Amino acid sequence: MIPQNNTVITYSISVKKLRYFRQKMEKSKEDHLSPNFQIDANPEKKNYKLEIVWRNVVIFAILHSLFLYWLYLIITFQIKFTSFVFCIFYAVLTVFGVTAGAHRLWTHKSYKANLPVRIFLMLCQSGALQNHIYEWARDHRVHHKFADTDADPHNINRGFFFAHIGWLMCKKHPDVINKGKTIDMSDLLKDPVVVFQKKHYIPLVLIFNLVLPTYFLHSILGETLWTAFVCNIGRYVFSLNGTWFVNSAAHVWGNKPYEINIKAVECFRLSWLMIGEGWHNYHHVFPWDYKAAELPIYKHNLTVCILDLMAKAGWVTDLKTVPEEIIRKRAMRTGDKSWKYSGNNVMSSVNNEDVQNDTKEHTWGWGDKDMSEYEMAAVKILNRHHE
Ligand SMILES: [Zn+2]
Ligand SMILES: [Zn+2]
């Protein structure tokens, strides 16, 4: 027991305690990171030759030219206001198929959905034309698992342009293919919705990405066929760039409240554009959280808002989230001190046991073998489905 009236002894113990925790913090930063966390800053130096896929370069050049023409039609009021509203609505709908479907459901397994919801999400994701769910989820699991290395398909260390669009204009780095093979994708092949889409992807894309929206703009909203086509391509390229900003901007512009040793950042403004996908530093540390963010602020996270409504209806279940205690300890230990409560005197709760309990490797989500047993046991599951 420390005598409460002996301020000198109390002070000297407090200083010792503070030193002890500071040393622990420094050590935990060093120990914390596995080799996967090492940043590969110069991929070109390793006998790797960049091979450009010119067909994709031409396709993206044409698509972006049409996108610029669409913007010109908008600012010169040459398209109807209702057509503009429809384009935004359809962009959000298809992006929802990506954020709630391909991303949080199929890649990260952060919740479960019944068959009608999975079919709905699959159709929306087909309208987004960003590769079928199986391929999308595989690329994204590889991105999480090998983030910021050559095996990351859109490695931010190769520059903003590469992470944004450049990676789709050249052949994959051999590490992406080789290390990608180590990722377990068997769960997706057990889902008949994913398998159906993989098998019938081209007709699904033609219907939901091209014919249906163009038909609606032309026949229902009264645009000429050419203007309807341009509007639809404009909508598509707009949503593509929104998604790509998560790979580029959300690894560059923002703070790192949870883990300072990775490139992913909290990119607040992007959350508006990508209906809740900008909280990327948190998302890389806890990819199994269905919110893909710590804060349940609906205005910044439309995807969570809709998922919560679906949960109320009983259509989606087992929504996983991380207890605040775990988030707090992690943020205090490995964050950049910009976390909401940083500065409050909660440092003393950091101890060696917490460091042991951390997930040490990058993980792709719920079910990754490298997830720590402690974090797995501590997960909070909302709307649990009892079988
Ligand atoms: Zn993700
Ligand atoms: Zn990322």
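All of these numbers come straight from a predicted model, not from anything done at the bench.

Trainee: Looking at this structure, I do not really get the overall build of the chain. What am I missing?
Mentor: The number of helices and strands found in the chain is 17 helices and four strands. Put simply, 70% of the contacts in the chain that link residues at least 6 apart link residues at least 24 apart.

Trainee: I'm lost on the UniProt feature "transmembrane region" (unreviewed entry) in the chain in this one. Help?
Mentor: UniProt tags residues 53-75, 81-102 and 201-221 as "transmembrane region" (unreviewed entry). For residues 53-75, helix accounts for 96% and strand for 0%, while the C-alpha atoms at its two ends are 33 Å apart.

Trainee: Teacher, can you tell me more about the packing of helix α3 (residues 81-107) against helix α14 (residues 302-312) here?
Mentor: Two packed helices can be described by the angle between their axes and the distance between those axes. Direction vectors running N to C along α3 and α14 enclose 70°, while the axes themselves pass 10 Å from each other. The angle between α3 and α14 falls in the class roughly perpendicular. Contacts between α3 and α14 pair Phe-96, Thr-99 and Ala-100 from the former with Thr-303, Ile-306 and Leu-307 from the latter. Of the residues assigned to the contact of α3 with α14, the class counts are four nonpolar, two polar and no charged.

Trainee: Sorry if this is basic, but what is going on with unusual backbone geometry here?
Mentor: One non-glycine residue with positive phi stands out, namely Leu-129, at about 45°. Accessibility expressed as a C-beta count within 10 Å gives 18 for Leu-129, which makes it partly exposed. Residues other than glycine seldom take positive phi values, yet Asp-148 does so here, at roughly 70°. For Asp-148, the position within the fold is in the loop between α5 (133-145) and α6 (160-164).

Scoring rules and cut-offs
Residues numbered from 1 in each chain as written. Chains lettered and ligands numbered in written order. Predicted model: local features only at pLDDT ≥ 70, side-chain atom pairs only at ≥ 80, totals over all residues. Helix = DSSP H or I, 4+ residues; strand = E, 2+ residues; numbered from the N terminus. Contact = placed C-beta atoms within 7 Å. UniProt positions renumbered as here; feature names shortened; annotations may be inferred. Axes fitted to C-alpha atoms, helices over the stretch in contact; angles between N-to-C directions. Parallel < 35°, antiparallel > 145°, perpendicular 65-115°, else oblique. Nonpolar A, V, L, I, M, F, W, Y, C, P; charged D, E, K, R; others polar. Buried ≥ 20, exposed ≤ 12 C-beta atoms within 10 Å, placed from the backbone.

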